[in-house]
Amino acid sequence: MSFSAAEDDSGSEIHIPADIDWHMLDKSKFFFLGAALFSGVSAALYPIVVMKTRQQISSTQISCFKMSFSIMRYEGLRGFYRGFGTSLMGTIPARALYMGALEVTKSSVGTATVSLGFSDTTATAIASAAAGLSSAMAAQLVWTPIDVVSQRLMVQGYKNSNSSKNVIPSVNSCRYRNGLDAFRKILYADGPKGLYRGFGISIVTYAPSNAVWWASYSVAHRLIWGASGCSMGKKEENGVIGRCGHRPDSKALVAVQGLSAAMASGFSALITMPLDTIKTRLQVLDREENGVRKPLTVLQTVRNLVKEGGLAACYRGLGPRWASMSMSATTMITTYEFLKRLSTKSQESLTS
């Protein structure tokens with residue numbers, strides 16, 4: 001089913017590029033190429049994630065410039081890629097789960113909403129929100145343990161001199177040689193629940209965030225095409241299409257996708273930033289009670305943030321997170337749409 005093929009706006013027919021549905025994809029090519037393409041995207045954006053994580057665990061506000069200068073001065077380029085190997089290993093299966101759940105849900109929910117009589121635009125928004133919700137929940141089953149390990153490696157060696165005495169970075173009490181060593185030590189110290197520390201709040205953070213992002217993206221995508229679709233394209237050579245007579249060219253397609261993704265990311269980042277800060281601290285910081293290291297609770301984490309600066313403390317790292325989400329989303333969606341077109345089955349396969 002394609003529920004974004006064309007839309008009327010003031011009597012002019014604007015040809016929005018049709019969706020490529022799950023049944024139209026060559027699955028092996030889709031997952032293999034997806035792993036390669038998204039690994040490259042993750043490598044390019046990883047330094048921003050490291051800065052965001054360190055800002056979130058800091059008890060004082062530190063600018064991005066000072067943070068990046070400090071990392072480069074004391075740790076070199078390697079400091080920007082702490083935990084990257086672990087993160088990359090988790091990215092491949094997590095992305096596979098994410099993309100599979102996203103496409104299956106979007107296709108099935110989209111078909112159901114259209115059959116119930118919803119308009120094309122409403123059906124697309126509902127299907128996108130449902131797909132974002134299910135894909136985030138599926139990916140977190142793999143991603144939470146990877147997130148716990150990689151974030152501890154990210155902040156290893158980071159000095160937070162202003163931390164309160166009962167809240168200390170876990171890296172101060174345990175050193176990790178690599179991702180495998182961290183995985184083993186966390187499992188030994190805290191059991192499986194140690195690897196899933198923050199799982200609940202990760203779901204609370206990422207599931208609604210993804211739902212909001214995909215719904216916002218689909219709406220922004222249609223609004224932008226509705227406002228400028230007739231002027232951003234090439235004229236068809238064989239026949240007039242509607243009143244404007246244009247179809248979008250590849251440059252217009254990428255530009256609209258990128259702008260829609262950036263708009264959706266800004267909205268989503270503002271809404272979910274406090275939850276993301278709490279999640280990061282739960283996964284990385286510990287408290288000390290009678291000489292025994294124990295995980296922080298959500299309530300203790302919130303109290304510490306309030307003491308450190310109230311609501312403003314919850315938004316430490318917003319700049320890098322917004323930049324990371326915008327750049328990641330822009331590259332992700334353009335790469336993702338490109339991947340779907342690369343992975344589309346031939347016409348003979350679809351009709352056979």
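As annotated in an unreviewed UniProt entry, the chain is Solute carrier family 25 member 44 from Herrania umbratica. Per UniProt, the chain has the following entry under Subcellular location (unreviewed entry): "Membrane". According to UniProt, the comment filed for the chain under the heading Sequence similarities (unreviewed entry) is "Belongs to the mitochondrial carrier (TC 2.A.29) family."

**Student:** Teacher, can you tell me more about the side chain of Ser150 here?
**Tutor:** Mapped onto the elements, Ser150 comes out in helix α4 (residues 120-155). A polar side-chain atom of Ser150 sits 3.3 Å from the main-chain carbonyl oxygen of Asp147. If sequence neighbours within four positions are ignored, Ser150 has contacts with Tyr46, Arg82, Gly83, Thr86 and Ser87.

**Student:** Can you help me understand helix α2 (residues 64-75) in this one?
**Tutor:** Side chains of residues three or four places apart in an α-helix project in the same direction, reflecting 3.6 residues per turn. Helix length check: α2 (twelve residues) gives 16 Å between terminal C-alpha atoms against 16 Å at 1.5 Å per residue, within 8%. Where α2 terminates, the next one or two residues include Gly76, which has phi positive at roughly 75 degrees.

**Student:** I would appreciate a short explanation of the pattern of salt bridges in the present structure.
**Tutor:** Two side chains that carry opposite charge are able to pair once their charged atoms sit near each other. Summed over all chains, the structure comprises twelve salt bridges. Across the pair Arg82 and Glu75 runs a salt bridge whose closest N-O atoms are separated by 2.7 Å. By relative accessible area, Glu75 is classed as partly exposed at 23%. Salt bridges linked by common partners bring Arg177, Asp181, Arg184 and Lys185 together as one network.

**Student:** When you look at the environment of Ala269 in this model, what are you seeing that I'm missing?
**Tutor:** Looking at the element boundaries, Ala269 is found in helix α8 (residues 250-284). Taking relative accessible area as the criterion, Ala269 reaches 0% and is therefore assigned buried. Those residues within four positions of Ala269 in sequence are excluded, and the remaining contacts are Leu318, Arg321, Trp322 and Met325.

Definitions and cut-offs
Residues numbered from 1 in each chain as written. Predicted model: local features only at pLDDT ≥ 70, side-chain atom pairs only at ≥ 80, totals over all residues. Heavy atoms only, no water. UniProt positions renumbered as here; feature names shortened; annotations may be inferred. Helix = DSSP H or I, 4+ residues; strand = E, 2+ residues; numbered from the N terminus. Polar contact = N/O pair within 3.5 Å; in protein donor to acceptor, adjacent residues only side chain to side chain. Contact = heavy atoms within 4.5 Å. Expected span 1.5 Å × (residues − 1). Salt bridge = Lys/Arg side-chain N within 4 Å of Asp/Glu carboxyl O. Buried < 20%, exposed > 50% of the residue type's maximum accessible area, 1.4 Å probe, protein only.

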